[in-house]
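Close look at the chain arrangement
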Amino acid sequence: MQLADKYLPETIEQKWYDFWIDNNLFHSEPDEREPYTIVIPPPNVTGMLHMGHMLNNTLQDVLVRRARMQGKNACWVPGTDHASIATEAKVVAKLKAEGIDKSSLTREEFLKHAWEWKEKHGGIILQQLRKLGASCDWERTCFTMDEARSAGVIKVFVDLFRKGRIYRGVRMVNWDPSAQTALSDEEVVYKESQGKLYYLRYQVEGSDKYIVVATTRPETILGDTALCVNPNDERYKWLADDARVIVPLVGRSIPVIRDEYVDLEFGTGALKVTPAHDVNDYMLGEKFGLEAIDIFNDNGTINDKVGMYVGMERFECRRVIEGDLAAANLLEKVEPYTNNVGFSERTGVAIEPKLSMQWFLSMEELAKPATTAVLEDIIKFVPAKYKNTYRHWMDNIKDWCISRQLWWGQRIPAYYLPKGGYVVAETAEEALALAQEKDASLTMADLRQDEDVLDTWFSSWLWPISVFDGLRYPNNPEIEYYYPTNDLVTGPDIIFFWVARMIMAGYEWRNEKPFGNVYFTGIVRDKLGRKMSKQLGNSPDPLDLIAKYGADGMRVAMLMSTSAGNDVMFDEALCEQGRNFGNKIWNAYRLINMWEVDEKLEQSEACREAIEWFDEVMTERVARIDRDMEQYRISEAFTELYRLFWDDFSGWYLEMVKPAYQQPADAKTIARTKHYFDMLLRLLHPFMPFITEEIWQDLKPEADVKSIVIARQPAADREANEQILARFTLAQEAISAIRNVRKQKNIAQKEPLTLNYIADENYPAEYAAVIEKMGNLKQIEAVTEKDSTAAAFIIKTTQYFIPMEGKIDREAELKKLAEDLTYYEGFLSSVMKKLSNERFVSSAPEKVVANERAKQADAEAKIAAIKEQMAALQ
RNA sequence: GGGAGCAUAGCUCAGCUGGUUCAGAGCAUCUGCCUUACAAGCAGAGGGUCAGGGGUUCGAAUCCCUUUGCUCCCACCA
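Keep in mind it's a predicted model, so treat the numbers as computed, not measured. (Residues numbered from 1 in each chain as written. Chains lettered and ligands numbered in written order. Predicted model: local features only at pLDDT ≥ 70, side-chain atom pairs only at ≥ 80, totals over all residues. Heavy atoms only, no water.)

1. What to know about the protein's contact with RNA strand B
Taken together, 55 residues form the shell around RNA strand B, and within it Phe266, Asn280, Tyr824, Arg839 and Lys855 come nearest. Protein-proximal atoms of RNA strand B, defined as those within 4 Å of the protein, fall in sugar or phosphate at a share of 50%. Gln577 is positioned such that a nitrogen or oxygen atom in its side chain is 2.7 Å from a sugar or linking oxygen of RNA strand B. Within the side chain of Arg633, one N or O atom sits 3.1 Å away from a phosphate oxygen of RNA strand B. Looking at the surface near RNA strand B element by element, the count peaks at 10 residues for helix H17 (residues 572-594). Residue composition of the surface near RNA strand B, grouped by class: 21 nonpolar, 18 polar and 16 charged. (Near = heavy atom within 4 Å. Polar contact = N/O pair within 3.5 Å; in protein donor to acceptor, adjacent residues only side chain to side chain. Helix = DSSP H or I, 4+ residues; strand = E, 2+ residues; numbered from the N terminus. Nonpolar A, V, L, I, M, F, W, Y, C, P; charged D, E, K, R; others polar.)

As structure tokens, this is what we get:
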């Protein structure tokens with residue numbers, strides 16, 4: 001095949017992806033092989049691919065492709081998440097842009113729009129993943145809201161309800177006034193915000209005295225139902241036990257209560273109590289039997305309960321009230337104040353603590369086996385530091401608010417009866433049957449299903465089970481075969497949202513872990529360390545990068561910069577490096593592809609030596625890469641391969657076996673070289689699938705294997721011969737030294753040189769042919785006499801000379817030797833210090849002491865050799 | 001407020017159970033090369049008090065204590 005002199009990824013990537021799909025190489029069915037399963041962290045159905053997905057999916061693809069090449073039945077299940085809040089918000093916005101208000105639509109009408117939107121935009125992200133080369137089993141693509149997944153969710157809800165784990169009640173929840181739904185604690189993000197601390201005057205009833213209260217939220221005075229001070233506070237001892245105060249502006253009379261909850265140090269030591277709008281106030285309210293006055297509408301505007309500021313937006317109200325308070329002389333002062341405010345993770349608006357009727361899942365029982373599994377490494381976290389985070393959260397787990405006041409999602413299967421009470425069932429028919437047990441006269445028309453849907457995570461937590469339909473059909477062959485999955489690759493930011501809950505669900509419905517290992521990636525940041533975000537505009541579009549550098553180049557960039565749990569400082573230069581590596585592989589192949597075979601040609605000695613050495617290199621590296629991969633040191637494994645290919649194979653091996661220009665090569669060497677190339681391609685394939693397939697198909701090492709995707713991963717079947725590797729290093733050092741001489745003396749590589757050496761045990765005679773070829777030497781000769789006119793160097797203890805005929809600068813040579821001498825003498829003395837230390841010799845392990853003795857001998861020999869050369873020069 | 005982690009070359013990071021010439025790699029920089037596979041390349045070079053201090057040890061980048069700086073998680077005193 002005629003090959004372009006540069007690797008052009010864009011010309012081959014689509015071709016091979018189609019080939020893989022056409023040949024069904026990513027599809028898995030249960031069989032007798034060992035399964036290897038990964039379920040994708042489902043991206044939002046309407047989402048777009050970002051750098052985080054690139055990182056995450058590159059890693060998953062590496063793992064799954066490698067497993068596939070190890071002969072396992074590899075199955076990577078893709079899918080998307082319905083992301084109820086995010087998607088509903090997008091649909092509402094889209095409708096609004098078209099002039100349609102959500103409130104003007106019925107639930108059914110709205111859902112029709114939402115499904116249309118999903119059909120149109122959903123799955124774009126999965127198409128994008130194909131560009132990256134993701135080897136997902138697309139036939140298995142799931143959606144958290146498709147029929148099977150939804151049925152599983154409903155079944156689980158009913159199951160939990162019957163087990164008594166789900167309850168309904170009025171609680172203080174995090175209210176998102178934009179999405180107009182409750183949120184779980186995990187969906188609230190706290191951020192430091194610049195606010196103000198307002199000091200308000202509450203007049204004591206029947207007196208002209210005031211109590212000053214500090215608050216960050218003056219608008220909530222509308223809901224005040226008490227004022228609280230610490231019973232130990234000397235400042236308020238004068239207050240009568242049954243004292244009452246007047247709420248500023250509102251004029252309502254409220255009691256003064258006393259509770260040690262109040263911090264004496266904060267503000268004035270007096271606290272206004274608004275049970276409907278603050279978690280702590282709510283608890284005080286419960287304790288003292290206070291009324292809770294909810295002053296907000298669901299959208300965050302003031303309601304008509306109090307009859308003031310009605311319809312005003314909450315922050316607007318705060319500004320207006322500040323003015324009114326000041327005008328009424330009820331505002332003592334205002335100070336700037338920084339505090340933490342909770343914001344909705346999805347819509348970004350400030351959360352309103354609000355009392356409302358919601359569904360909750362009791363978590364304590366679920367958490368028990370899930371905690372044990374991680375602490376005892378039944379499920380292994382990589383890196384392990386996240387075990388602590390996990391344990392802390394699990395030990396303090398709180399009940400999960402699972403209802404959302406949205407339409408996009410699985411509707412809660414609770415059915416209310418006309419005379420109060422409700423039943424929970426998987427279908428309306430079953431619900432009716434249950435209802436009729438209570439009242440035989442009820443008909444379907446009497447039942448009213450709960451309006452709320454379930455939290456998205458209430459479907460995501462079932463993902464490893466639900467993708468195999470293991471909830472509806474717990475004994476089906478697929479779930480039995482693929483479950484538990486092997487590895488989960490995800491970000492630590494969703495450890496509570498998702499990872500912990502999947503573990504709980506796994507034990508609850510399978511009585512088994514959902515996955516064996518969790519690999520936590522870091523966050524992708526820009527090179528300044530900032531998190532990539534749309535707002536900052538610092539996130540490149542991954543598809544642009546793929547177009548520019550190729551998918552393999554992009555993958556390499558991700559692989560080079562990641563280690564488990566650490567953030568990725570992304571720099572486009574890494575993509576370039578990845579592309580360059582692809583080009584390097586390409587050109588190495590061009591080289592061997594261009595060789596002519598001469599069947600009659602004998603293998604040269606240099607080739608034989610090179611092969612003897614490279615066999616050991618491959619053996620050693622394959623073992624090292626295996627070790628790294630077993631420990632999920634994926635970046636290290638790749639770096640190892642990168643250096644193996646670039647330095648050892650291209651830089652050394654190919655240069656050693658390369659025939660002279662337009663000369664043929666012998667068949668034996670070509671065969672061996674192609675064998676190495678084949679091995680390297682297979683090792684590289686999980687990391688760089690496209691270029692390896694392109695070349696492998698041309699190389700065709702195995703006629704009966706149709707793709708490298710299903711070729712076998714090389715395995716280390718023996719120990720590498722350390723002796724050969726060490727001896728060869730001596731030859732490499734000699735070659736480097738010759739190159740140095742050339743550089744210093746300004747001698748072109750083309751000009752052949754003579755190399756003389758004084759033979760000793762450190763002269764690698766068995767690799768002389770390699771030294772000759774790589775050094776471009778016309779001859780190598782053993783001598784006994786030092787040559788003061790030659791350029792000289794010492795490798796270990798062997799003295800080498802390159803005759804120079806007067807080109808030698810004696811002074812410079814002597815100076816360099818003197819520097820070497822100083823270094824080695826210093827080194828020797830540090831070794832001797834250790835060896836003469838009685839305590840070192842007696843307490844250090846035998847091996848270490850022996851090593852020091854060897855260092856001593858080497859250093860002494862080296863020093864002797866340097867001295868001899870210096871003497872010869874004088 | 002509680003907890004975890006990090007600090008090694010200009011940058012990004014390796015350095016695994018303390019022990020080789022241990023102070024490394026890649027990128028960047030500098031020097032010399034368009035040498036017929038590759039200038040997206042080749043051959044070289046410079047560059048670090050392993051954050052500061054103390055300790056344990058025959059021996060510390062590595063273990064312990066401490067100071068400083070940064071990051072993250074949890075909690076949420078109005």
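There is more to say after this.
2. A closer look at the sheet that holds strand S5 (residues 166-176)
Sheets are built from strands that pair by backbone hydrogen bonding, the pairs being arranged parallel or antiparallel. Taking strand neighbours across the sheet as the criterion, the 4 strands line up as S6-S5-S14-S16 in an open arrangement whose pairing is antiparallel. Since the sheet does not close on itself, it has two edges, and those belong to strand S6 (181-183) and strand S16 (400-401), each with one partner. As judged from the 2 bridges shared by strand S14 (residues 352-361) and S16, these two strands associate in the antiparallel manner. Following the sheet pairing, Leu361 is matched in S16 by Trp400. (Pairing = 2+ DSSP bridges.)

3. Focus on helix H18 (residues 605-630)
The end-to-end C-alpha separation of H18 is 38 Å, in line with the 38 Å expected for 26 residues at 1.5 Å each. Positive backbone phi, at 60 degrees, marks Tyr632, one or two positions downstream of H18. (Expected span 1.5 Å × (residues − 1).)

4. A few points about helix H4 (residues 107-121)
Side chains of residues three or four places apart in an α-helix project in the same direction, reflecting 3.6 residues per turn. Taking 1.5 Å per residue as the helical rise, H4 with its 15 residues ought to reach 21 Å, and the 21 Å between its terminal C-alpha atoms agrees with that figure. Among all positions of H4, only Arg107, Phe110, Leu111, Ala114, Trp117 and Lys118 are buried. Around the axis of H4, the buried residues are gathered within 120 degrees of arc, so they sit on the same side. Counted as exposed and oriented over 90 degrees from the buried face of H4: Glu108, Lys112, Glu119 and Lys120. Residues of H4 that are buried sit in contact with helix H3 (84-97), strand S4 (142-143) and strand S21 (453-454). Where H4 terminates, the next one or two residues include Gly123, which has phi positive at roughly 85 degrees. (Buried < 20%, exposed > 50% of the residue type's maximum accessible area, 1.4 Å probe, protein only. Arc of directions from axis to C-beta. Contact = heavy atoms within 4.5 Å.)

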